[in-house]
Amino acid sequence: MTGNAAIAEAAIRAGCQCYFGYPITPQTELTEYMAANLSRRPGCTFIQAESEIAAINMVLGASVTGARAMTSSSSPGMSLKQEGISYMAASQLPAVIVNMSRGGPGLGSIAAAQSDYFQSTRGGGHGDYRTIVLAPSSVQELADATHRAFELTEKYSIPVILLGDGMLGQMMEPVEFKHEAPAVPPVRPNGLRGAKGRPSRFIRSFTSNPAELEELNWSLYRRYQQVQENETTCENFMTDDAQLIVTAFGIAARIAKGAITNARAQGMKVGMFRPVTLWPFPKQQLKDLSQKTKYFLDFEMNMGQMIDDVKLSLEGSGDVTFYGRPGGVVPTSSEVQRVITRLYYQKGLNG
Amino acid sequence: MEKIFTRPKSLKNAVFHYCPGCGHSIIHRLICEVIDELNIQDKTIGVPPPGCSVFAYYYFDVDMIECPHGRGGAVATGIKRANPESVVFTYQGDGDLAAIGTAETLHAANRGENLTAIFINNAVYGMTGGQMAPTTMLGMKTTTSPYGRDAKFDGHPIKMSEIIGQVEGACYVERVAVNSPANIRKARKAIKKAFQNQLDGKGYSLVEILSPCPTNWKMSAIDSWNWVDEVMSKKFPLGLIKDTTGKTHAD
């Protein structure tokens, strides 16, 4: 199954009732899967919207009613969705938003890239907010992360971004789904469905009183702290005795694993640290690794974005080198292995 | 003594923040009268925009979601599709519906979304202080057309209702005004029909309401009411634009 189809199937099984999308390579298969499968399910809705802006605002509307709603896009389309994401962050509305990213800036390329790390992890739109960002690195993980995304967004009423890339979206791997689709899509009890038997309610993001907005900002901040405490996840790969630790996320981590396994076969003590949640970033978990070694190689398919978080987490205690391939160029694991080997010797880690 | 005129049940007991002579408060009341009459207060979801009517949720006693500028058509689509039992209306100004939200409006209509759109045309951006709107009259001075709107540079006032009337999914489009007791009564009928169409599952209904903005037009309330007749409705003629419902006015 392709990664894009796996996300769509996992979303249906997670009780996604409404999907709104707009075609853009390399995520279109996800939209197509929803058109074929979600639209025929009782009570469910699929719309091919007139734009990414319309799609995210349809998600906003569906989320208002308490329905589980989702949209997906790729980098240029994600820029258009930022308006709606900011409004949903302010209005504390759950939503799952998939970005199968591609090379940028501008129309960029349609090939896999990781150049949307900044946009994904810094809020992305205007205003003082965060979204939870999950970065799977295999088709199975895409499916699992989709389920987790729906759980997290409802638990915290914070939009969740599932950040993949064109390669993850289009590659085919076996995938096991751990959940059955609910017969009736679940509805949040606090959705707006008419003031029947209760006073009318409204959801808004605007206030003319700065003190009120400040209070909202503080309450969001406190919730973000809870997310940081409870939901930060990462993967450590062969880090126990590592003298050099590669930091990478998503598909780059998958490539790095191959390189590290080969480097290990040649006697180099190399490991990998991979954030699974990009926001919240596993700061402490990375800082702890600097007790073992100070040498880090940050590898990304961009010009260096996550490296900012790597350096902030290490708080000056690490020696961080960067290797990146932007533009949609996907390096092979042997290329990354060469970089690892060179650095290993340059830093004198070969004893 | 029998009480024959009172505040509608779905209109909250609050003092409007609108300027004297503004059409918003009249339109709010008309919508609430219709909601009461159709007995749909407990299943209505209102979608107000940014702008002067951003605080509509302080007045309408129904569930409401304030949405991004121009996106009412899309947000309402999401609400209605997720919960088709609800009655959903958008409340949109001319900048909202006819400029930034043109695409969302046109495509909600084209999909025949079963929605009611209330379109307040006052020929200016009100809340930001009277800038040129897509519906500003030729020659009209605003803060961003200080020498008067010039078709050569600014284009002509856009007739969105006529455009929406071309779209097959739109079942009912009418232009009314709230500048005289007689016109207010006609506006009420049009609003009621637009809601009734949704209850009957007919598709997208649009009621455009020419609405005075004395503050930004820099006129007295009386002059602004006259201006709707003498100037605005010459470019934006009142009356039915489209009706495929096969029904006459409900009352």
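Residues numbered from 1 in each chain as written. Chains lettered and ligands numbered in written order. Predicted model: local features only at pLDDT ≥ 70, side-chain atom pairs only at ≥ 80, totals over all residues.

Regarding the overall build of chain B
Piece 1. Check the secondary structure of chain B and you find nine helices and nine strands.
Piece 2. At 17 Å, chain B has a C-alpha radius of gyration in line with the 18 Å of a compact globule built from 251 residues.
Piece 3. Based on the C-alpha atoms only, the size of chain B along its principal axes is roughly 50 × 50 × 30 Å.
Piece 4. Among the 251 residues that make up chain B, the fraction classed as buried is 59%.
Piece 5. A sequence separation of at least 24 residues applies to 67% of the contacts in chain B between residues at least 6 apart. (Helix = DSSP H or I, 4+ residues; strand = E, 2+ residues; numbered from the N terminus. Rg over C-alpha atoms; globule rule 2.2 N^0.38 Å. Buried ≥ 20, exposed ≤ 12 C-beta atoms within 10 Å, placed from the backbone. Contact = placed C-beta atoms within 7 Å.)

Considering the packing of helix H3 (residues 52-64) of chain A against helix H4 (residues 75-91) of chain A
Residues and elements named next belong to chain A.
Piece 1. Packing of H3 against H4 brings their axes to within 7 Å, and their N-to-C directions diverge by 25°. As judged from the angle between their axes, H3 and H4 are roughly parallel. Our pair here, H3 against H4, has a crossing hand that is right-handed. Here Glu52, Ile53, Ile56, Asn57, Val59, Leu60 and Ser63 of H3 come into contact with H4, specifically with Gly77, Leu80, Lys81, Glu83, Gly84, Ile85, Tyr87 and Met88.
Piece 2. Per-class residue counts for the contact of H3 with H4 are eight nonpolar, four polar and three charged. (Axes fitted to C-alpha atoms, helices over the stretch in contact; angles between N-to-C directions. Parallel < 35°, antiparallel > 145°, perpendicular 65-115°, else oblique. Left-handed = near helix turned anticlockwise from the far one by under 90°. Nonpolar A, V, L, I, M, F, W, Y, C, P; charged D, E, K, R; others polar.)

Examining the domain arrangement of chain A
Residues and elements named next belong to chain A.
Piece 1. Domain assignment breaks chain A into domain 1 (3-195 + 219-230) and domain 2 (235-346).
Piece 2. Computed over C-alpha atoms, the centres of domain 1 and domain 2 are 27 Å apart.
Piece 3. Contacts between the two partners involve 27 residues from domain 1, matched on the other side by 21 residues from domain 2.
Piece 4. Secondary-structure elements contributing two or more residues to the side of domain 1 that touches domain 2 are helix H5 (117-121), strand E5 (132-134), strand E6 (160-165), helix H7 (166-170) and helix H8 (210-231).
Piece 5. Sort the elements by how many residues they give to the side of domain 1 that touches domain 2 and H5 lands first, with four residues. (Domains from an automatic or database assignment.)

Looking at the sheet that holds strand E9 (residues 239-243) of chain B
Pairing between the strands of a sheet is mediated by backbone hydrogen bonds and can be parallel or antiparallel.
Piece 1. Strand order in the open sheet formed by eight strands is E7(A)-E2(B)-E1(B)-E3(B)-E4(B)-E8(B)-E7(B)-E9(B), with mixed pairing between adjacent strands. Of all the strands in the sheet, the pair left with one neighbour each is strand E7 (202-203) of chain A together with E9 of chain B.
Piece 2. Alignment of E7 of chain A against strand E2 (residues 63-65) of chain B, held across two bridges, turns out to be parallel. Bridge pairing in E2 of chain B places Phe202 of chain A opposite Met64 of chain B.
Piece 3. Strand contacts of helix H1 (residues 24-38) of chain B: strand E1 (44-47), strand E4 (116-121) and strand E8 (204-210) of chain B, with the helix running at about 160° to E4 of chain B, the strand carrying the most contacts. (Pairing = 2+ DSSP bridges.)

Considering the sheet that holds strand E8 (residues 234-237) of chain A
Residue and element names in this part refer to chain A.
Piece 1. One open sheet holds the five strands; their spatial order is E8-E10-E9-E12-E13, and the pairing between them is mixed. Each end of this open sheet is capped by a strand with a single partner; those strands are E8 and strand E13 (319-324). Adjacent strand axes in the sheet meet at a mean angle of 20°, parallel and antiparallel pairs treated alike.
Piece 2. Strand direction decides the pairing type here: E8 and strand E10 (residues 270-275), joined by four bridges, are antiparallel. Each residue of the ladder has a partner; that of Glu235, found in E10, is Arg274.

Some words on the nonpolar core
Piece 1. Residues Ala256 and Ile340 of chain A together with Ile118 and Ile209 of chain B are the most contacted members of the largest nonpolar core, which totals 182 residues.
Piece 2. Ranked by the residues each element gives to this core, the list is headed by H3 of chain A, at nine residues.
Piece 3. For this core, the domains that each give at least three residues are domain 1 (3-195 + 219-230) and domain 2 (235-346) of chain A.
Piece 4. Those residues in contact with Ala256 of chain A that sit more than four places away from it in its chain are Val246, Ala248, Met272, Phe299 and Val336 of chain A. (Core = buried A, V, L, I, M, F, W, Y, C linked by C-beta atoms within 7 Å.)

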